[in-house]
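Here is what each chain is made of, one letter per residue.
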Amino acid sequence: MTFTIERVELRRIAMPLVSPFRTSFGSQTARDILLVRVDLADASGSIVEGWGECVALSEPSYSPEYVDGAQHVIVHHLLPRLMAAGPIEAADVSPALAKLHGHPMAKAALEMAVLDAQLRANGTSFATFLGAERTRIPSGVSVGIHDSIDELLTAVQGYVDDGYVRIKLKIEPGSDIEQVAAVRDLIGPDTPFQVDANTAYRRTDGSHLARLDEFHLLLIEQPLPEDDIIGHARLAAEVETPICLDESLVSTSGTADAIDLGACEIANIKPGRVGGYLEAVRIHDLCVARGVPVWCGGMLETGIGRAANAALAALPGFTLPGDISASTRFYARDIVTDPITITNGHVTVPTTAGLGFDLDRDFLDAVTTSCISIDQRGTVTEL
Ligand code: NPG
């Protein structure tokens, strides 16, 4: 079934974080998030609404995208193409936008909104649509860089008490070996534990990173700059701990190359980074065929993206716990009435029609900072 896009709404929301989140590329205390609402009409003219969440940050610090740029490219470049494409379904979004380079997070948000609307129209859950096999998934937590080891251990202990089954620690030069040793000591030898460098190291850091081997980590995530695939392959040969790529993986073909070169022993899949959930599934399928374990990354999503990620992570190739923590890990209150929670270290995969969330409209309005509407002719109206 295909649909006509009647109207698109771009809404910005301000969401304070419960505690600052520091990575090697910066510290965040709040998220400025772009939400996309599409109103689709089916052949009989019935309208169904769908929502997507753009994971771009305020600044181009994780990748070249940033939220103001994402909004601009959607209004001025992506939507005109999409509206001109005629009746569509979610699978048509990426091909319709393929001539426009880059901007995967903006494209992903549009595809996501169409997918949500389409699934709601069909009364199908995202998990069913994907062929997800599990009803619950293990939940990992991502722990930021802390000023002192005492503060770090207090934070980690809190997450262990919350039940998280896997700890991921952000590292950077000067905040790595000692911190990893202290956390390993606290959580014991059996708790799954991994680190994430967000590109903070250089090729010459191989022998330093090999010092992490003794802590039996699941993986070292993205130690080198995203374009340094050969460097990651060399590092994978030098370090026993498996090398996992995040920022480097932006497409199925690029992931295949990284695997072939020996640079990607484990893959972090983030739908926003690769241009959408449908490309994420293709990367998952490739990794399964190549025997590469995958896990689902997170971008501090609200209940919209968190619900969709939980369904994606229920696919069989996601054999490692993902960064799909409870909504309360980052937000005191979510914009959905059914926020993701964890029970015995696991998240229940949503089963409702659509991507699997129900908006809390009053709270959504309360956190909205701006809202525009775009009609089929491209006319923009401030709401
Ligand atoms: O649980 O949503 C989460 C956060 C997981 O650490 C996390 N994300 O580099 O993977 C990352 C990091 C990130 C967050 C990157 C926000 C970019 C933006």
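That block above? That's the structure.
Basis of the calculations
- Residues numbered from 1 in each chain as written.
- Predicted model: local features only at pLDDT ≥ 70, side-chain atom pairs only at ≥ 80, totals over all residues.
- Heavy atoms only, no water.
- Helix = DSSP H or I, 4+ residues; strand = E, 2+ residues; numbered from the N terminus.
- Rg over C-alpha atoms; globule rule 2.2 N^0.38 Å.
- Buried < 20%, exposed > 50% of the residue type's maximum accessible area, 1.4 Å probe, protein only.
- Phe/Tyr/Trp six-rings, centres within 6.5 Å; stacked < 30°, edge-to-face > 60°.
- Lys NZ or Arg CZ within 6 Å of the ring centre and 35° of its normal.
- Near = heavy atom within 4 Å.
- Polar contact = N/O pair within 3.5 Å; in protein donor to acceptor, adjacent residues only side chain to side chain.
- Areas by Shrake-Rupley, 256 points an atom, 1.4 Å probe, with all protein chains shown as cover.
- Axes fitted to C-alpha atoms, helices over the stretch in contact; angles between N-to-C directions.
- Parallel < 35°, antiparallel > 145°, perpendicular 65-115°, else oblique.
- Left-handed = near helix turned anticlockwise from the far one by under 90°.
- Contact = heavy atoms within 4.5 Å.
- Nonpolar A, V, L, I, M, F, W, Y, C, P; charged D, E, K, R; others polar.
- Pairing = 2+ DSSP bridges.

(A) Spatial organisation of the overall build of the protein chain. Check the secondary structure of the protein chain and you find 12 helices and 14 strands. The C-alpha atoms of the protein chain give 20 Å as radius of gyration, which agrees with the globular expectation for 383 residues (21 Å, within 12%). Structurally, the protein chain occupies a C-alpha span of about 60 × 40 × 35 Å along its principal axes. Counting all 383 residues of the protein chain, 58% fall into the buried class.

(B) Up close: the packing of aromatic side chains. All told, the structure shown has six aromatic pairs when counted by the stated rule. Judged by centre distance (5.4 Å) and plane angle (85°), the rings of phenylalanine 126 and tyrosine 277 are edge-to-face. Of this pair, phenylalanine 126 sits in helix H4 (residues 126-130) while tyrosine 277 sits in helix H10 (residues 277-290), placing them 151 residues apart in sequence. For the pair shown, phenylalanine 126 and tyrosine 277 are each scored as buried. The ring of phenylalanine 357 carries the charged tip of arginine 120 above its face, separated from the ring centre by 5.0 Å. A cation over a ring is seen here: arginine 166 above tryptophan 295, with NZ or CZ 5.2 Å from the ring centre.

(C) Local environment of the site of the ligand. Near the ligand, the surroundings consist of 18 residues, among which Ser142, Lys170, Asn198, Lys270 and Leu300 are the closest. At 3.4 Å from an oxygen atom of the ligand is found a side-chain nitrogen or oxygen belonging to aspartate 196. Here an oxygen atom of the ligand sits 2.7 Å away from a polar atom, N or O, in the side chain of asparagine 198. For the ligand, whose accessible area on its own is 430 Å², the fraction buried by protein is 100%.

(D) Highlighting unusual backbone geometry. Its identity as a non-glycine residue notwithstanding, threonine 199 has a phi of 75°, on the positive side. Here threonine 199 is to be found in the loop between strand S7 (193-196) and helix H7 (206-210).

(E) Structural context of the packing of helix H2 (residues 90-97) against helix H3 (residues 104-122). H3 packs onto H2 with a crossing angle of 155° between their chain directions and a minimal axis gap of 8 Å. Here H2 lies roughly antiparallel to H3, going by the angle between them. Viewed along their axes, H2 and H3 form a crossing whose handedness is right-handed. The residues of H3 that touch H2, namely those facing Ala90, Val93, Ser94 and Leu97, are Lys107, Leu110, Glu111, Val114, Leu115 and Gln118. For the contact of H2 with H3, the residue count by class is six nonpolar, two polar and two charged.

(F) Looking closely at the sheet that holds strand S2 (residues 26-41). The sheet built from five strands is open, its strands ordered S3-S2-S1-S13-S14 with antiparallel pairing. Two strands in the sheet have a free side with no partner beyond their single neighbour: strand S3 (47-54) and strand S14 (380-382). Ignoring strand direction, the axes of neighbouring strands in this sheet form an average angle of 25°. Helix H1 (residues 67-84) rests against strand S1 (4-23), S2, S3, strand S13 (368-375) and S14 of the sheet, and its axis sits at about 160° to S1. Sheet contacts for H3: S2 and S3; angle to S3, the most-contacted strand, approximately 145°.

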